[in-house]
Amino acid sequence: MTADALPGPAEPYQPGTTRPGSPLKAASDAIPPSGLVLLAILSVQLGAGFAKDLFSQLPPSATVLLRIAMSALILGVVARPRLKGLTRADLGVGVAFGATLGLMNLSFYEALARLPMGIAVAIEFLGPLGVAVAASRRRLDLLWVVLAASGIALLAPWGQATGLSWAGIGFALVAGACWAAYILLSAAVGQRFPGTGGVSFAMIVAFLVIAPVGIGTGGTDLLRPELLLVGLGVGLLSSVIPYTIELEALRRMPKRVFGILMSLEPAAAALVGLVVLGEVLNAREWAAIGCVVIASVGATRSSR
């Protein structure tokens, strides 16, 4: 997911701190912040598309292990976590954040193996949408809840008529719940861990959490050079590149505008799924994705 690329409130930029990808700052300054967000969305979804294409050679759990391992390695070098001075409570929050991150990505990849990309991302987006609605508590938010629920109802395989998988929908819902927990935990991690070390620490924890499952299903195939190279590309596209771009965008635009633009992600996932994987959605599925996107934009605009 996608979601581990989102810095959220955990990683605010502060002048004088080192940001991942700072050598690219001159180039990024030439791109408007809205363009940076769209590039980040495209990067995340391309990473997911290439990861799903890898499922023919590796199970989803092994693929997510490969992605997280590469992301942890790169982020660990760029933003090494500093643990000195942290309390047990601080480390506990970091471990919970990392475990949530690992489970979120594992659930999302399992959903990707069973659903088209656009549909998996649309269902997963119920997590951050729920957080936005809870933060607002306005009567209008009931409209966004109903609209999002209508979208999911359109996607549900009633009578198996759509060919969609209940298991895939279930995994996507778990990923969405983990994304909501990720957003809530990110604020605590940002307060307890200096700089960008919280995300690096969480990525390492996520690797340790996923490793037993990923190694058990992937075995020695995880050491194949060509798969390691693809895993490196997926890690860069899904985590490192968008994380860097989003930090720069957040520095130059209001968080609410950032959230509204990120609401386009389900539609972007559907388009990438069409172009990269040949996943053709029907009119009802596009309508369902549209419901979730509109609900997410509305909830984001209403949230305080």
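Scroll up a little and you will see the structure.
Rules used throughout
- Residues numbered from 1 in each chain as written.
- Predicted model: local features only at pLDDT ≥ 70, side-chain atom pairs only at ≥ 80, totals over all residues.
- Heavy atoms only, no water.
- Helix = DSSP H or I, 4+ residues; strand = E, 2+ residues; numbered from the N terminus.
- Buried < 20%, exposed > 50% of the residue type's maximum accessible area, 1.4 Å probe, protein only.
- Areas by Shrake-Rupley, 256 points an atom, 1.4 Å probe, with all protein chains shown as cover.
- Salt bridge = Lys/Arg side-chain N within 4 Å of Asp/Glu carboxyl O.
- Expected span 1.5 Å × (residues − 1).
- Polar contact = N/O pair within 3.5 Å; in protein donor to acceptor, adjacent residues only side chain to side chain.
- Contact = heavy atoms within 4.5 Å.
- Core = buried A, V, L, I, M, F, W, Y, C linked by side-chain atoms within 4.5 Å.
- Phe/Tyr/Trp six-rings, centres within 6.5 Å; stacked < 30°, edge-to-face > 60°.

**Quick notes on the overall build of the protein chain**
If you tally the helices and strands in the protein chain, you get 13 helices and zero strands. Listing each helix as α and each strand as β along the protein chain from the N terminus yields α-α-α-α-α-α-α-α-α-α-α-α-α. Each of the 304 residues in the protein chain was classed as buried or not, and the buried ones make up 54%. For the protein chain, the accessible area works out to roughly 12,800 Å², and carbon and sulfur atoms hold 69% of it.

**Focus on the pattern of salt bridges**
Inspection of every chain in the model, using the stated rule, returns four salt bridges. Taking the shortest distance from any N to any O, the salt bridge between Arg224 and Asp221 comes out at 4.0 Å. The exposure class of Asp221 is partly exposed, given its relative accessible area of 29%. Notably, a salt bridge pairs Arg224 with Glu226, separated by 2.9 Å at the nearest N-O pair. Salt bridges here are not isolated pairs; linked through shared partners, they connect Asp221, Arg224 and Glu226.

**Structural notes on helix H12 (residues 265-277)**
Taking 1.5 Å of rise per residue, 13 residues should cover 18 Å, and H12 covers 17 Å from first to last C-alpha, within 8% of that figure. Looking at H12, one finds that the buried residues are Glu265, Pro266, Ala268, Ala269, Ala270, Val272 and Gly273. Residue Gly278 follows H12 closely and has a positive phi angle near 70 degrees.

**Quick word on the side chain of Ser71**
Checked against the element boundaries, Ser71 lands in helix H3 (residues 60-78). Assessed through its relative accessible area of 0%, Ser71 is described here as buried. Polar contacts involving the side chain of Ser71 include one to the side chain of Ser239, which spans 3.2 Å. The residues touching Ser71, leaving out its near neighbours within four places in the chain, are Met203, Gly235 and Ser239.

**Some details on the nonpolar core**
Counting 64 residues, the largest nonpolar core has Phe108, Tyr109, Leu112, Leu115 and Ile123 as the members making the most contacts within it. Residue contributions to this core peak at nine residues, all from helix H4 (residues 88-112). Not counting chain neighbours up to four residues away, the residues in contact with Leu112 comprise Ala48, Lys52, Phe55, Met117 and Ala120. Counting 12 residues, the second largest nonpolar core, distinct from the first, contains Ala40, Leu250, Met253 and Ala268.

**A few points about the packing of aromatic side chains**
On inspection of all chains with the given rule, the structure shows four aromatic pairs. A connected cluster of aromatic rings, assembled from ring pairs, spans Phe55, Phe108 and Tyr109.

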